[in-house]
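This is what each chain is made of:
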Amino acid sequence: MDNAGGPAIFTCMTFDTDILIAGGGLNGLSMALAARQGGFAVTLADPQPATARGDDGFDGRSYALAISSQRALDALGVWKGLDAVQPILGIKVTDGRAGEGPSPLMLVFDHAEIEEGPMGFMVEDRHLRPALLRAAEAAGVEQVEAGVEAFEADGSGVTVHLSDGTSRRARLLVGCDGKASRVASLSGIKRSGWGYGQTALVCAVSHAKPHEGVAHQFFMPPGPLAILPLSGNRSSIVWSEQEQRAAEIQAMDDEAYLGVLRPRFGSFLGDISLSGARFTYPLGLSLADRFIAPRVALVGDAAHVVHPIAGQGLNAGLKDVAALAEVLTDARRRGEDIAGPQVLERYAAWRRFDVAALAAATDAFNRLFSNDNPLLRAARDIGLGIANAVPVLRRGLIREAAGLTGDLPRLMRGRPL
Amino acid sequence: MSHASTIDAAEIDKFQAMAAEWWDPNGKFKPLHMLNPCRLDYITAQIAAEFGRDLNAPRPFDGLRLLDIGCGGGLLSEPMARLGATVVGADAAERNIPVAQVHAREQGLDIDYRHTTAEALAAEGEVFDAVLNMEVVEHVADPLAYLTACHDLLKPGGLMVCSTINRNPKSFAMAIVGAEVVMRWLPRGTHDWNKFITPDELYDLLRRAALDPVDRKGFVFNPLFWSWSLSDRDLSVNYVTTSLRPESRTEP
């Protein structure tokens, strides 16, 4: 490695890799690609075989990518060659009440109001995951089929013990291992958060009429329902219900399930039928108390899980990836110790405020809209009306949703590292 | 040290008391750790431009011999060694040397740390491609004699980066009242405002030392983002210069 100068006083001076990434999901693979672009040797460890993770059977999961996320994926060489991408050309936000139809006031966002083109893109998990895997392979990311069992951090690096019995010496360990992050718990990082007593139900549907690229968000007392356009006459549905009710709905057969969904969905897209599997996710907010530990950084759900109300989970993870890769690459160019405390603190400081603000806003939004109090309802109808009537405010909301505000990392501005 | 030194004995004592804290990013040297990325951005860009190196390449400073004067705990020496330079770190405070050595060894870096001065090294006939002279000149007793020694330490065509603090009411407020008294970033008495040097005075001193100053920039602290950045125009408090030793010496 690049600084193996001097007498080998310590055996730990030889490194197997620069950055060891725990977890080969979307965030882990993106982190691996970004780190490779930054010039680092990268090892990615995941107990699940890559072939299983890259299985392209349609499971109904899809992601609403902000423009900034799309730019990052493009800069990482993943965007071109991605199949069945659906641009989001408009967003309609409606305050609805089951059985009553939408309230007369609604918020309409149109991509023509910002210069950057579409407001975002819908991408299916079955296309994104294999594309990331292919890119990681082509970029020379070493993949190990093992999980992290334990590690010891010291002044110059970290020795990571894997479940296949081998050990790796790295400068930095990045935990992309989800909300039950083992890297975080082994680092003594605690989490705080709460559940909402709600569960998200996720499925994909085919419908008779075209969606014209418009995403719909209905706010209803049991929880929000989002209709997100997929390629062709298909849409991804995310809706939330009280925990117990969601379990009952999930247990139904497809026809009964559609029977519950149809009245909420409305008839504007014509007749609907299920396309692909159905999923549920418990809704909750969970933040790691710290995003870094000695020689360790947390990325994505390992650092923060927010309510998926606005599809911000993967977008926030990609922002972590872009910020961490930028901090590390700049540190390498300056000759700094890439995983020294002063360098990792820059990443933590960059992301901490952003994530806390997102969590608080999403939480407040959900509490406001998941309520049937007539006063609150009137207040939010007026709020939607005002937001709709004031172009500056509306444009601000669109740019925020498109991920174009704040202190964006270079990758998210479409620039190389 | 048998050679005549331009370092005030009282100045050396002040830094010796602070040496053990060098590598704690939240310790006494926090302001230096905060300034360091900005200093390194400037230094690496100047060296890369002068010697035609690509900072994206591994070990871009391979083959360059570099001196870090007033190396302290090695905050600049270590990055330069990681980038491939052959580094001599010199400090007039003896206690800094073992602190820096222990840390470099822990990092797997081979750095030649010496308890010596610029004047002593020049007298020994040592020469370098690049000399880092950061936040030192405001602490020496005779800046012209010191900068002349720095000139002698450069190979013809060699480059020196020199940073210091401007002398004006704002720098008094920021560096003495702000950093030492209010924020307690630095121990009181770290700086003597009367020894601060204006950019024009420094350019004049550099030229009198037969160096050719070619660039100057400000280090500006942004209290909103709590970080430092480089500025073309604002040299009102902290600033940095680059000078070259001409290929053939011309008398000033």
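Residues numbered from 1 in each chain as written. Chains lettered and ligands numbered in written order. Predicted model: local features only at pLDDT ≥ 70, side-chain atom pairs only at ≥ 80, totals over all residues.

A. Region of interest: the interface of chain A and chain B. Contact with chain A, which involves 18 residues of that partner, is made by 21 residues of chain B. Elements that contribute at least two residues to the side of chain A that touches chain B include exactly α8 (312–334) and α9 (341–369) of chain A. (Contact = placed C-beta atoms within 7 Å. Helix = DSSP H or I, 4+ residues; strand = E, 2+ residues; numbered from the N terminus.)

B. Structural detail: the nonpolar core. All names here are of chain A. Residues I21, A32, A34, L173, V174, A297 and V299 are the most contacted members of the largest nonpolar core, which totals 111 residues. Top element by residues in this core is α8. It accounts for 11 residues. Dropping the residues within four chain positions of it, V299 is found in contact with N27, M31, V174, G175, C176, G317, D320, V321 and L324. (Core = buried A, V, L, I, M, F, W, Y, C linked by C-beta atoms within 7 Å. Buried ≥ 20, exposed ≤ 12 C-beta atoms within 10 Å, placed from the backbone.)

C. Broad picture of the UniProt feature "binding site: S-adenosyl-L-methionine" (unreviewed entry) in chain B. Residues and elements named next belong to chain B. The residues that UniProt annotates with the feature "binding site: S-adenosyl-L-methionine" (unreviewed entry) are R39, G70, D91 and M134. Among the structural elements, R39 can be located in helix α2 (residues 30–51). When neighbours within four sequence positions are excluded, R39 is seen to be in contact with M134 and S163. Within the fold, D91 resides in strand β2 (residues 86–91). (UniProt positions renumbered as here; feature names shortened; annotations may be inferred.)

D. Looking closely at helix α3 (residues 67–75) of chain A. Residues and elements named next belong to chain A. Across the nine residues of α3, eight count as buried, placing the element largely inside the fold. When α3 is considered as a whole, its buried residues turn out to be I67, S68, S69, Q70, R71, A72, L73 and A75. Immediately beyond the C-terminal end of α3, within one or two residues, lies G77, with a positive phi of roughly 80 degrees.

E. Spotlight on the sheet that holds strand β5 (residues 154–165) of chain B. Residues and elements named next belong to chain B. Taken together, eight strands build an open sheet; the order of strands is β3-β2-β1-β4-β5-β8-β6-β7 and the sheet is mixed. Only two strands of the sheet have a single partner each, and these edge strands are β3 (112–115) and β7 (227–231). This sheet shows a mean twist of 20 degrees between the axes of neighbouring strands, independent of strand direction. For β2 and β3, the ladder comprises four bridges, and the chain directions are parallel. If you follow D91 over to β3, its bridge partner there is H115. (Pairing = 2+ DSSP bridges. Axes fitted to C-alpha atoms, helices over the stretch in contact; angles between N-to-C directions.)

F. View of unusual backbone geometry. In this structure, A:A84 is a non-glycine residue whose phi angle is positive, near 50 degrees. Within the fold, A:A84 resides in the loop between α3 and β4 (86–88). One non-glycine residue, B:E135, lies in the positive phi region at around 50 degrees. Tracing the backbone shows B:E135 in the loop between β4 (128–134) and α6 (143–153).

G. Representation of the pairing of β5(B). Residue and element names in this part refer to chain B. Counting buried positions along β5 yields nine of 12 residues, so the element is predominantly enclosed. Bridging between β5 and strand β8 (residues 238–244) involves seven bridges; their strand directions are antiparallel. By the bridge assignment for β8, M160 is matched with S243.

H. Layout of the packing of α6(B) against helix α8 (residues 199–208) of chain B. All names here are of chain B. Taken N-terminus to C-terminus, the directions of α6 and α8 make an angle of 55 degrees; their axes are 9 Å apart at the nearest point. Classified by the angle their axes make, α6 and α8 are oblique. Here α6 runs over α8; the crossing is right-handed. Along the contact surface, α6 presents P143, L144 and L147, while α8 presents L205, L206 and R208. Of the residues that constitute the contact of α6 with α8, the class distribution is five nonpolar, no polar and one charged. (Parallel < 35°, antiparallel > 145°, perpendicular 65-115°, else oblique. Left-handed = near helix turned anticlockwise from the far one by under 90°. Nonpolar A, V, L, I, M, F, W, Y, C, P; charged D, E, K, R; others polar.)

I. Broad picture of the environment of B:S236. Residue and element names in this part refer to chain B. Locating S236 in the fold gives a position in the loop between β7 and β8. Each C-alpha atom, one on S236 and one on R167, is 8.1 Å from the other, the two residues being 69 residues apart in sequence. S236 has contacts with N166, N168, K170, S171 and G218, leaving out every residue within four places of it along the chain.

J. Seen up close, the pairing of strand β14 (residues 223–230) of chain A. Residues and elements named next belong to chain A. Of all eight residues in β14, eight are buried, a share of seventy percent or more. Note: strand β13 (residues 214–220) against β14, five bridges, orientation antiparallel. In the strand pairing of β14, Q217 is matched with A226. Inspection of the sheet shows β14 paired to strand β15 (residues 234–242) by six bridges, in the antiparallel sense. Directly across from L230, in β15, lies its bridge partner R234. The antiparallel pairing of β14 with β15 creates a hairpin that spans three residues between the two strands, and G232 there sits at a positive phi of about 70 degrees.

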